Amino acid sequence: TVKRLDRLRKIELAYKSIKGKYTDDLRKLLHLALHDSLTINQAVLPASNPLDSLSDNTIEIGKKSVLDSLFNGSARLLDDIIIVPNNLGETFDAATTFIIQGNDTIEAFQISVPYTVLYHNIPETYYQTHRFDTLRVGSLKNGSTNGSWE
């Protein structure tokens, strides 16, 4: 489950890089991973004075598929990636929002599954302390892209 969430985080970050925003649609993430490409840029020094500090001058030198960039071309790593491995066929929950941090408004995402869903066929005593928690990556509260296990 953690591996799936970690892979979904990588795709979500690539999605934002390509589309300019996060998505709460897991099927869009899967489609992007299988069919879209990341732009490869190279920084260039200003010709007038190479001693000037590097600015944001970049040129596009190519594209590489998201699948190749993130998963070494292995589509097998995406099999059932959006499905919670609990034998119920449920998908992970996904959400996006904007939050205020200081004077800035930032976009945030979260992909999660409640422990009660993840461990539906396991006696509650084994996950009693996490009964009301979720296993998640990203945070709608603070904008972190970390996982709850990290």
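Heads up: the structure comes first, above all this text.
Since the structure is predicted, the reported quantities are computational estimates derived from the model, not experimental observations.

Peer 1: Mind showing me how you'd approach the nonpolar core here?
Peer 2: For soluble globular proteins, nonpolar side chains are generally found buried alongside one another. Ranked by internal contacts, the top residues of the largest apolar core, which has 28 residues, are Leu8, Ile11, Leu29, Leu78, Phe92, Ile111 and Val113. Those residues within four positions of Ile11 in sequence are excluded, and the remaining contacts are Leu29, Leu32, Ala33, Leu70, Phe71, Leu78 and Ile81.

Peer 1: So what exactly am I meant to see when it comes to the sheet that holds strand β5 (residues 134-138) here?
Peer 2: Two modes of strand pairing occur in sheets, parallel and antiparallel, and in both the strands are linked by backbone hydrogen bonds. What the 3 strands build is an open sheet, ordered β3-β4-β5; its pairing is antiparallel. At either end of the open sheet lies a strand with only one pairing partner, and these are β3 (93-101) and β5. Put simply, the sheet's adjacent strands are angled 30° from each other on average, direction ignored. Relative to β5, strand β4 (residues 104-114) runs antiparallel, the two sharing 5 bridges. The residue bridging Ser112 from the neighbouring strand is Arg136, located in β5. In this fold helix α1 (residues 2-19) packs onto β4 and β5, with an angle of close to 150° to the strand it touches most, β4.

Peer 1: Any chance you could explain helix α2 (residues 26-35) here in plain terms?
Peer 2: For an α-helix, the turn length of 3.6 residues means that residues three or four places apart are oriented alike. Considered for burial, the residues of α2 that qualify are Leu26, Leu29, Leu32 and Ala33. In an axial view of α2, the angular spread of the buried residues amounts to 120°, which keeps them on one side of the axis. In α2, those exposed residues whose orientation departs by more than 90 degrees from the buried face are Arg27, His31 and His35. Lining the buried residues of α2 we find α1, α3 (66-71), β3 and β4. Of the residues that open α2, the one with a side-chain oxygen 3.0 Å from the backbone nitrogen of Arg27 is Asp25.

Peer 1: Looking at this model, I keep getting lost on the pattern of salt bridges. Mind explaining?
Peer 2: A pair can form between side chains of opposite charge whenever their charged atoms are brought close. Taken as a whole and assessed by the stated rule, the structure comprises 3 salt bridges. Taking the shortest distance from any N to any O, the salt bridge between Arg9 and Glu150 comes out at 2.9 Å. Residue Arg9 is found in helix α1, and its partner Glu150 is found in the segment after β5; the two are separated by 141 residues along the sequence. Take Glu150: its relative accessible area is 55%, and that puts it in the exposed class. One salt bridge connects Lys19 with Asp36, and the closest N-O pair in it is separated by 3.7 Å. With Lys19 in helix α1 and Asp36 in the loop between α2 and β1 (37-43), this pair connects stretches of sequence that are 17 residues apart.

Calculation rules
- Residues numbered from 1 in each chain as written.
- Predicted model: local features only at pLDDT ≥ 70, side-chain atom pairs only at ≥ 80, totals over all residues.
- Heavy atoms only, no water.
- Core = buried A, V, L, I, M, F, W, Y, C linked by side-chain atoms within 4.5 Å.
- Buried < 20%, exposed > 50% of the residue type's maximum accessible area, 1.4 Å probe, protein only.
- Contact = heavy atoms within 4.5 Å.
- Pairing = 2+ DSSP bridges.
- Helix = DSSP H or I, 4+ residues; strand = E, 2+ residues; numbered from the N terminus.
- Axes fitted to C-alpha atoms, helices over the stretch in contact; angles between N-to-C directions.
- Arc of directions from axis to C-beta.
- Polar contact = N/O pair within 3.5 Å; in protein donor to acceptor, adjacent residues only side chain to side chain.
- Salt bridge = Lys/Arg side-chain N within 4 Å of Asp/Glu carboxyl O.

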